[in-house]
Amino acid sequence: MVTTDISTAVEQWRTQGWTVVHDLVPTEEIDAAVEELWGHFPHPVDYHSGNPAAQAQFEGESTDLRYQPTKQGNAHQLKDIQNEGAEFRLRQFLGHVLFPYDSYLLNRLQIHPNVVDFAKKAMGDEDIRLYQARIWGKYTGVTNYEQPFHQDRNHTIVPDRVEPGWWNMLGFLYLSDVEEGVGPTQILSIGDSPPGANPQSAAGRRGSYLAYRTDVWHRGVDLTREGGSRFLMNIAFKHAHHEWIGFDSFQQNANRGPWSKFAASCSPDELALFGAPRPGHPFWTPELVEALKERYQGIDITPWLEGLDQ
Ligand SMILES: O=C(O)CCC(=O)C(=O)O
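Residues numbered from 1 in each chain as written. Predicted model: local features only at pLDDT ≥ 70, side-chain atom pairs only at ≥ 80, totals over all residues. Heavy atoms only, no water.

### Here we look at the pairing of strand β5 (residues 170–174)
- Along β5, five of the five residues are buried, which leaves the element largely enclosed by surrounding structure.
- Of the two faces of β5, the one holding Leu170, Phe172 and Tyr174 and the one holding Gly171 and Leu173 are both buried throughout.
- Summarising the sheet, β5 and strand β10 (residues 229–239) pair through three bridges and their orientation is antiparallel. Each residue of the ladder has a partner; that of leucine 173, found in β10, is methionine 233. (Buried < 20%, exposed > 50% of the residue type's maximum accessible area, 1.4 Å probe, protein only. Helix = DSSP H or I, 4+ residues; strand = E, 2+ residues; numbered from the N terminus. Pairing = 2+ DSSP bridges.)

See below:
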């Protein structure tokens, strides 16, 4: 279930429901982007040193407002009890930072071509959409991270159709080495269900991508290593036009700095991951292509101009 071979990984995802594609993104690219992670998360050494500012940064940084105690006024709920056992605890979901990030490298990592190409191959479709994009950080001791086994039913408003051509791809790109002690997800293959089945560990080096289907049982486990932490990027894809599937939305940030710089760097296929009409689409007129150039300073509009002649 862990491989560096793309065709094997595609087959595992299709038949077993999950795979860890080792080293899908080169370590050097992960490490360069992770340098910029510390603008969003306290460095683990700083956090575990007991520095109150670092701990406050973690408690307050989540940009998913459901988990933002200060903005949501639900701090009392977030003081969950360090009791034993598998439960969904609110503090497990602290530390979610939504795309776009204040980092060009992290933004580019969100649509890394190796991950996108893998998803296209596995899903058997060139026209896919990114629909979940965020970074999730966990630190030993924040809470007991142990969850019950579950299937992710919160990515769609209708029952899942679990057949080739209909599957969406859920996934975690590891930004740190995810090994025993720092919470590698436990996961069951298709056909296995709890209780009784033997879970496997989705451990993997940084740069590896855990891809799984919605019909796969899995769960988060506690971080037990002293001074430990785990960082990953949620990257999930759906087929184009599958509007019933969703999680994060991007339009609300699409007129601001980090997005603008990122968008200006994108090819038409990359912007299409967010739903932008490709060159040649009837949406585009000469005026709109000009307006695109104005909006995203530096974008290469050649493909859109050429598309006007088709
Ligand atoms: O964090 C993990 O390893 C898995 C988390 C998970 O499955 C969830 O929160 O739904």
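### Quick word on the site of the ligand
- Taken together, Phe93, Trp136, Lys138, Gln147, His150, Asp152, Thr185, His218, Gly220 and Arg230 are the residues near the ligand.
- For the ligand, an oxygen atom lies 2.8 Å from a polar atom in the side chain of lysine 138.
- In this structure, an oxygen atom belonging to the ligand sits 3.0 Å away from a side-chain N or O atom of histidine 218.
- Of the residues in the shell around the ligand, the class split is two nonpolar, five polar and three charged. (Near = heavy atom within 4 Å. Polar contact = N/O pair within 3.5 Å; in protein donor to acceptor, adjacent residues only side chain to side chain. Nonpolar A, V, L, I, M, F, W, Y, C, P; charged D, E, K, R; others polar.)

### Thoughts on the domain arrangement of the protein chain
- Each assigned domain of the protein chain is listed here: domain 1 (2–245) and domain 2 (253–308).
- Here the C-alpha centroids of domain 1 and domain 2 sit 29 Å apart.
- Taken together, the contacts link 15 residues of domain 1 with 13 residues of domain 2.
- Summed over the three residues of domain 1 that lose the most area to domain 2, namely Pro100, Tyr104 and Ile111, the buried surface amounts to 36% of that side.
- Joining domain 1 to domain 2, the criterion identifies two salt bridges.
- Where domain 1 packs against domain 2, one counts five residue pairs in polar contact (both at pLDDT 80 or more).
- At the level of elements, α7 (104–110) and β4 (128–139) are the ones that each hand at least two residues to the side of domain 1 that touches domain 2.
- Looking at the side of domain 1 that touches domain 2 residue by residue, the classes come out as nine nonpolar, one polar and five charged. (Domains from an automatic or database assignment. Contact = heavy atoms within 4.5 Å. Buried area = accessible area lost by both parts, 1.4 Å probe. Salt bridge = Lys/Arg side-chain N within 4 Å of Asp/Glu carboxyl O.)

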